[in-house]
Amino acid sequence: MSTASSRLPLSLPNILLVGGSFAGAIVTLVLENWFGAALLLTLGVGGLLSALLARRAGAGDWLRINAIEYRDERDVRLAGHGFAVVGAWALVLSTLELVAATIFLGSLVTRSVLSAHGTIEFRFDGTTVASALLVTIAALQLFVLALVWGIANTRAVKRG
């Protein structure tokens, strides 16, 4: 049996990944960030090449699964097992990212100062605000990953 993505030139995840990489490359070119543009362009070309090679008739299981170009339900099942491991590691790495960002933010915040009036002052500058934004993004990333992880596992358990 063939998957629904066989009607598209690439699977939907690959369309989003490759398209997002190319769109990011265009934006970084406009911003004259040559390194970022080269990085995103390389990522997009590599993803596109991988997906197209996986679409070939003689593509092996490992190539189809790694390229997110599933041919049948067996490929989907095998990929599900692999993504379970990826999900667990994504949660671990996101937690470490949040811890590192929080520690970094703490090192930037000016130490609280007890004034003569008995009040505590905190001084923030642009770097501190930007760092706080990055901590917030890291926290949201971890929250979304944990939420999706929980929903996916609940659905998997209910399906048996």
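If you're wondering where the values come from, they're calculated on a predicted model, not measured in any experiment.

Q: It is not clear to me how the overall build of the chain should be interpreted in this structure. Could you clarify?
A: In terms of regular secondary structure, the chain is built from 5 helices and 2 strands. Reading the chain from its N terminus to its C terminus gives the helix and strand order α-α-α-α-β-β-α. Burial status across the chain gives 24% buried among its 160 residues. The long-range share in the chain, meaning contacts at least 24 apart out of those at least 6 apart in sequence, stands at 45%. By element, 73% of the accessible surface of the chain is carried by carbon and sulfur atoms, the whole surface being about 11200 Å².

Q: Looking at this model, I keep getting lost on the pattern of salt bridges. Mind explaining?
A: Applying the stated rule across the entire model yields 5 salt bridges. For Asp61, the salt bridge identified is with Arg74, shortest N-O distance 3.0 Å. Taken together, the positions of Asp61 in helix 3 (residues 61-66) and Arg74 in helix 4 (residues 73-108) put the pair 13 residues apart, joining distant regions of the chain. Residue Asp75 pairs with Arg74 through a salt bridge whose shortest N-O separation is 3.9 Å. With relative accessibility at 0%, the residue Asp75 sits in the buried group. On the basis of relative accessible area, Arg74 is assigned to the partly exposed category, the value being 38%.

Q: Before we go on, may I ask you to explain the packing of helix 1 (residues 12-30) against helix 2 (residues 34-54) in this structure?
A: What describes two packed helices is the angle between their axes and the distance between those same axes. Direction vectors running N to C along helix 1 and helix 2 enclose 160°, while the axes themselves pass 8 Å from each other. Overall, the two elements helix 1 and helix 2 adopt an arrangement that is roughly antiparallel. Considering the relative orientation of helix 1 and helix 2, their crossing is left-handed. Note on element contacts: helix 2 touches helix 1 through Trp34, Gly36, Ala37, Leu40, Leu41, Leu43, Gly44, Val45, Gly47, Leu48 and Ala51, opposite Asn14, Val18, Ser21, Phe22, Gly24, Ala25, Thr28 and Leu29.

Criteria and thresholds
- Residues numbered from 1 in each chain as written.
- Predicted model: local features only at pLDDT ≥ 70, side-chain atom pairs only at ≥ 80, totals over all residues.
- Heavy atoms only, no water.
- Helix = DSSP H or I, 4+ residues; strand = E, 2+ residues; numbered from the N terminus.
- Buried < 20%, exposed > 50% of the residue type's maximum accessible area, 1.4 Å probe, protein only.
- Contact = heavy atoms within 4.5 Å.
- Areas by Shrake-Rupley, 256 points an atom, 1.4 Å probe, with all protein chains shown as cover.
- Salt bridge = Lys/Arg side-chain N within 4 Å of Asp/Glu carboxyl O.
- Axes fitted to C-alpha atoms, helices over the stretch in contact; angles between N-to-C directions.
- Parallel < 35°, antiparallel > 145°, perpendicular 65-115°, else oblique.
- Left-handed = near helix turned anticlockwise from the far one by under 90°.

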